[in-house]
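Chain and residue survey
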Amino acid sequence: MKEKAAQASFPRAISTMLGMMSGTQATDKEVRGMMRALPAMSAMMETFTLEPDIREVALPFMELQSSYLQNLSNAHKEGKKIAFENFNFPPAILYAMDIVPVSPEVISSLLSMGVPKGIFRFLDYTTGIGIPESMCTAQRGGVGVILSGLIEKPDMVLNMASGSCDTNSKMFDFVSEYLDIPFCNIDAPPYWDESGEMMRYYQKEYRKLVAFLEEQTGNKLDEDKLRQCCTEAKKQDEYVAELYDLRRAVPNPVPAIFNLMMFGTRFMSSGTLQATKVMETMYEVVKERYKKGEGVLPREKARASLVYLSHFTAGGEFWRWLEHNGISVLMEGLAILSHQHYNIDTSTVDTMLDSLAGQAHNMMMTKQIRGPLDYPGQWFEDIATQSKDLNIDCAIYLGTLGCKNTWGGIKVLMKMIEEELEIPTLIIHSDTWDDRVTPWPTIRDQLEEFINTVVVQ
Amino acid sequence: MIVAGCDVGSLTAEAVIMGDEEVLSSEIIGVRPGPEQSAQDVMDKALQKAHLALEDIDYCISTGYGRERIPFARDNISEISCHGKGAHWLIPSVRTVIDVGGQDCKVIRIDANGKLQNFIMNDKCAAGTGRFLEVMAKTLEIRLDEIGPLSLLAKNPVVITSMCSIYAQTEVAAFIAEGVDQHDLAAGITRAMAERVNSLAMRVGVEEDVVITGGVAKNTGVVKSLETMLRVNTKKLTVDPQIVGALGGALFAREKILPKG
Amino acid sequence: MELMEKLVEPAKTLSNSYVESWREKGGKVIGYSGTYIPEEIIYAAGILPYRIGGREATKVTIADMYFGPVICNFVKCVLENAADGRFDFLDGAIITYECDHMRRIFDAWRRAAKDGNARLPAFFQYYGLPHSRSEHATELLMTETQRLIKEMEKHFGVEVTEEGLRNAIKVYNKTRQLLRKLYELREKDEVPVTGTEALGIVVTSTVMPKDEYNKQLEKLLDELVKRKGITGRPRLMIVGSVNDDIELVKLMEDLGAVVVADSLCYGARCFWNLVEENGDPLQTIVTRYWEHIPCPRMYGEYSRRYSFVRDIARSGKVDGVILENIRFCDLHGTDNTLYGRDLEAEGIPTLRLERQYGPLADSGRLRTRVQAFLERIGG
């Protein structure tokens, strides 16, 4: 793999760029748009491709992203339905039924990182049509893109993470009403349990989803396709589990941005071959780093838990900065792993649907912030378990102004962490997708001060 | 028949005295401590200009932030309706009034008769109000009225991303330290301002003809930026845009005493 | 009007003379949040159900220690009230998962108590709610309710019997029917009761023993039928976020309007639906609460909510609808956008009012907007 990187050459680089520029039937307007976007995009490309280890995983990841967007723009031409769905829902079932997913958060994230002024225009668009400014930017960006017609109107709205927060679900409710599209609500129950009443409730709800999808597409669920997707999803989970164990090492061999690529992969393409490729590559790269004792540069001085989100603007500078300032990210909210709470059983259609429901039931946010902070399997317990497993020495909160659920509980949570885990905590008032709230340099300064004066002994 | 309108805002107070068909006098002052005082002072000045006494006024309507506390006003009407009314009298083809004042911003939709159809206000956040420009002018160490002309000569307007005036200050300060040209800074500022106003305007929709009132209407840079974003050519007032509210008040006063039918 | 005053006065404070005399006689009080907790089960246990409100709070400094900057001020005021000792009369409290803001009261109140900043009622429970209706959702809710009952029985040494529940249903349905009568009076061309009074009457229904309340309201209704009504004023309807503060309605009516209808949770939505009196009482109680006119927390049910709003607007012959939401209330704020679109399309003028609840309430801003709206619909 390292040899491949060494073979990169000038002609190849230019032809790759030209390939990008020519695209398939790019219009004048599109090309001009690309030109304007290049400076911001190049910042994002730097983040993903300058370091060899990161590039190795980023290449299949970017292919995956590219497919995601290609599928979206070709969906209707190919007679497929587009489903507007939550980011933190594993879409294996959709791929099994040939439905093309679009998640507003994915769109928001791509644009936030890669284009000038990120999603500002689209945020303003949504407030212009009357969506409260206090709604989460994660959805508002993507929703603004869809409502302004830059992405084709979806054929259905699937709300499947209704335990995690009101704001997310309400946006989905709104989009279905506003665009007059069929709506399917899969309800996560008010409490979490591993295998009991709550799990069964969600499994029943999951069957509602399947019935809805069959009705919308006019196709019956294909057992073989489902098995294929479940098999891949299982492999992906296994890599996730392996990576979890590798994180225990000092220094942590998993670069922070791999978290993004891991959850990005799961959110966009869980159950596909491409997703397995990303996870497999990631695992191989991390294993190598582990063998060589490689971690953040110059050396690991903090092992941080980002209890919730990270920061998706400024071309991904957030991750580059962490990587070069000795801050290792052991745990990230969106990558909180709960693989131990379910098992993908590919025996029959029923077991497969139940397992996929189990996976969804245990996805980040849907699992952790569904109930009171200190209840079984909720936010505090997950952070505590992983803090101990991974030897974490500080907890940091980065969120969005739209997140009422976490802002309602974070101060209490941090007190619990300080008292019971005895590690220092930091709450930053910022918005993961909107630098107009707090600019990235200010966030960076706060992080720097915290790490250097509070965390480092 | 002599009527008057008195607009007491949080920064300025205006008075307009009208006869049967024409404006007899108008006055603008900075507010005094207390709306009653502001109203009295501005009215006195306007009366003086018109060579009239308070007793000569048949009906006075007050408007603005302090409207409920003006003793010589017979009635009070919201500044929203008054702005719509006043703008419509000045330019009958107007259907959208964008009032950008010192501390708030309103977008007002009126019908062919100048009657209020819909409106939206921002009076909580400095962004999109004159206050933002004030803060920026200080940061650039120029006069408020210099921002507009400077911005029109920009070659490479900067992009100010911060919504909050406080962070915007930091951003601009950083640009200044980098040696960015003043014209480009001014253009970035007027553009940021226009974006906020535009965002508000979208909420109620914009129908032509459009007129911009309030103190910020005097800032050519903001006006131009806004026109580009809204894709309209706004109508320009021939009177001071700050008196439109008081003018509306006077017009409503006239309606009160005109014989019906 | 002495009867009216008696029924409105308790709405202005948190505790009141009824609560005090109940406690003096050794009675217990359990506070609850929102409209989804089945009050009847508390009543059947011989305990006074008391709806927790945000009024009386004059600051939110303690609440700000526990809640972030984007949390609903009503919720902050609730915690502040607890911190200031104004809920010390509660022997218990049940916090529902009605919305993201409200549910975190469960975490914040416990923590505030741990820090010595508030007194936690000895009986403190969380009542989890699903988000969409189905057979298994009702089952889940039955289980959750049965759990709550068991905890209550254990802690207070009481028993909730089928008999007790049936009786509770009768009393509570009576309250609902009386309030429906009150709201019918508000639909008349000559309105015998102001919106301010009506809100006061509804709020009071949540903070005093229902038996006594029913008696008083019945008497008042007899008087109101004969009272001279208000005419010649613009008729308004209020839709939106929680409001237990009668000053908000007074502000609107002082500007020359009369509020004749609402779709609020201290309002029509909390009493409109009756409990079915035939069948297993716990089942019918839970069903009624689960299926009552929904709060925007119930996803996929906008058309149900809208039909109610539109029908009430029509039967009230309202001239305009005020769509208010507390700042940061995404559930109502988003719904209001849809209501605005649909009501205006049917020719019913609307005003969007984003406001702050409680201390530092922005009355100047509100007055300007409402006045302008009245000028718009005035003709």
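Residues numbered from 1 in each chain as written. Chains lettered and ligands numbered in written order. Predicted model: local features only at pLDDT ≥ 70, side-chain atom pairs only at ≥ 80, totals over all residues. Heavy atoms only, no water.

**Quick look at a nonpolar patch on the surface**
Note the cut-off: Surface patches are defined over residues having more than 30% relative accessible area and no salt bridge, joining like charges when they lie within 9 Å and nonpolar side chains (Val, Leu, Ile, Met, Phe, Trp, Tyr) when within 5 Å. Areas reported here follow the Shrake-Rupley algorithm with a probe of radius 1.4 Å; residue values treat only the protein chains shown as occluding. Criterion for a salt bridge: a side-chain nitrogen of Lys or Arg within 4 Å of a carboxyl oxygen of Asp or Glu. Helix and strand assignments follow DSSP, with helices taken as H or I runs no shorter than four residues and strands as E runs no shorter than two, numbered in order from the N terminus.
A surface patch of nonpolar side chains, about 210 Å² in accessible area, is lined by Met-1, Ile-257 and Leu-258 of chain B. Within the secondary structure layout, Ile-257 of chain B lies in helix α8 (residues 244-257).

**Here's the deal with the confidence of the model for chain B**
Test applied: A residue's pLDDT is the confidence the predictor assigns to it, expressed on a 0 to 100 scale.
When pLDDT is averaged across chain B, the result is 90; 99% of the residues are at 70 or more. Confidence, expressed as mean pLDDT per element, reaches its minimum in chain B at helix α5 (residues 165-178) of chain B with 80 and its maximum at strand β4 (residues 59-63) of chain B with 97.

**Focus: the packing of aromatic side chains**
Selection criterion: Any Phe, Tyr or Trp ring, taking Trp's six-membered ring, that has another such ring centre within 6.5 Å forms a pair; planes under 30 degrees apart are called stacked, those over 60 apart edge-to-face, and the others tilted. When accessible area is computed with a 1.4 Å probe and restricted to protein chains, residues below 20% of their type maximum are described as buried, those above 50% as exposed, and intermediate ones as partly exposed.
In this structure the tally under the stated criterion is 37 aromatic pairs over all chains. Note on Phe-87 of chain A and Phe-267 of chain A: the rings are 5.2 Å apart at their centroids and 85° apart in plane angle, and the pair reads as edge-to-face. Placement of Phe-87 of chain A in the loop between β1 (82-85) and α5 (92-96) and of Phe-267 of chain A in helix α12 (residues 256-269) is noted, with a sequence separation of 180 residues between them. Both residues of the pair, Phe-87 of chain A and Phe-267 of chain A, belong to the buried class. Between Phe-74 of chain C and Tyr-357 of chain C the ring centres are 5.1 Å apart and the planes differ by 80°, which places this aromatic pair in the edge-to-face class. Within this pair, whereas Phe-74 of chain C is found in helix α5 (residues 73-83), its partner Tyr-357 of chain C is found in the loop between β8 (350-355) and α17 (363-378), the two being separated by 283 residues in sequence. Tyr-357 of chain C gets classed as buried once you look at its relative accessible area, which sits at 2%. A connected cluster of aromatic rings, assembled from ring pairs, spans Tyr-191 and Tyr-375 of chain A together with Tyr-50, Phe-87, Phe-89, Phe-106, Trp-109, Phe-124 and Tyr-126 of chain C.

**Some points on the nonpolar core**
Just so we agree on the cut-off: In these notes, a set of buried Ala, Val, Leu, Ile, Met, Phe, Trp, Tyr and Cys residues joined through side-chain atoms within 4.5 Å is what counts as a nonpolar core. Whether two residues touch is decided by their heavy atoms; if any such pair falls within 4.5 Å, the residues are in contact.
Ile-93 and Tyr-206 of chain A together with Trp-109 of chain C are the most contacted members of the largest nonpolar core, which totals 316 residues. Those residues in contact with Ile-93 of chain A, other than ones at most four positions away along the chain, are Tyr-206, Leu-209, Val-210, Leu-213, Leu-221, Leu-226, Leu-353 and Leu-356 of chain A. Among the nonpolar cores identified, the runner-up in size contains 38 residues, and Val-172, Val-204, Ala-217 and Val-223 of chain B belong to it.

**Re the interface of chain C and chain A**
For interface size, the figure often reported is the accessible area lost on association. The condition that has to hold: Two parts placed together each lose some accessible area under a 1.4 Å probe, and the buried area is that loss summed for both. Each residue is assigned to one class: nonpolar for Ala, Val, Leu, Ile, Met, Phe, Trp, Tyr, Cys and Pro, charged for Asp, Glu, Lys and Arg, and polar for all the others, Gly among them.
Contact with chain C, which involves 53 residues of that partner, is made by 51 residues of chain A. In terms of surface lost to chain A, no three residues of chain C exceed Arg-104, His-136 and Tyr-299 of chain C, which account for 16% of the buried area on that side. Connecting chain C to chain A are 5 salt bridges. Among the salt bridges present, the one from Lys-170 of chain A reaches Asp-335 of chain C, with a minimum N-O distance of 3.0 Å. If you list the elements that add at least two residues to the side of chain C that touches chain A, you get α4 (63-66), α6 (100-103), α7 (105-114), β4 (123-127), α8 (135-156), α15 (302-315) and α16 (330-345) of chain C. In terms of residues, the side of chain C that touches chain A owes the most to one element, α16 of chain C, which gives 8 residues. Residue composition of the side of chain C that touches chain A, by class: 23 nonpolar, 13 polar and 17 charged.

**Structural notes on the pairing of strand β5 (residues 235-240) of chain C**
Quick reminder of the rule: Whether a crossover is right-handed comes down to one check: with the strands pointing away from the viewer, does the path from the first strand over the helix to the second run clockwise; if it does, it is right-handed.
Counting buried residues in β5 of chain C gives 6 out of 6 residues, a clear majority hidden from the surface. Following the chain from β5 of chain C across helix α12 (residues 246-254) of chain C to the adjacent parallel strand β6 (residues 258-263) of chain C, one finds a crossover that is right-handed.

**Some details on the interface of chain A and chain B**
Heads up, the condition is: Pairing of N or O atoms within 3.5 Å defines a polar contact, subject to two protein rules: one partner must be a possible hydrogen donor and the other a possible acceptor, and residues neighboring in sequence count only if both atoms are side-chain atoms.
Contact residues are listed per partner, giving 14 residues for chain A and 12 residues for chain B. Roughly 1,100 Å² of surface becomes buried between chain A and chain B when both sides are summed, with 54% attributable to carbon and sulfur atoms. The largest per-residue losses of area from chain A upon contact with chain B belong to Lys-117, Gly-128 and Arg-436 of chain A, which jointly make up 43% of the total buried on that side. Where chain A touches chain B, the interface holds 1 salt bridge. Salt-bridge contacts for Arg-196 of chain B lead to Glu-133 of chain A; the nearest nitrogen and oxygen are separated by 3.3 Å. At the junction of chain A with chain B, the criterion picks out 3 residue pairs in polar contact (both at pLDDT 80 or more). Ranked by the residues each element gives to the side of chain A that touches chain B, the list is headed by helix α7 (residues 120-128) of chain A, at 5 residues. Of the residues that constitute the side of chain A that touches chain B, the class distribution is 4 nonpolar, 5 polar and 5 charged.

**With respect to the confidence of the model for chain C**
With 99% of its residues at a pLDDT of 70 or more, chain C has an overall mean of 96. Both scores are given for the predicted complex: the pTM is 0.92, the ipTM 0.95.

**Structural notes on helix α6 (residues 182-204) of chain B**
The condition that has to hold: In this scheme, a helix's expected span is set at 1.5 Å multiplied by one less than its residue total.
Between the first and last C-alpha of α6 of chain B there are 34 Å, a value that for 23 residues agrees with the 33 Å anticipated at 1.5 Å per step. Looking at the residues trailing α6 of chain B, positive phi occurs at Gly-205 of chain B, about 80°.

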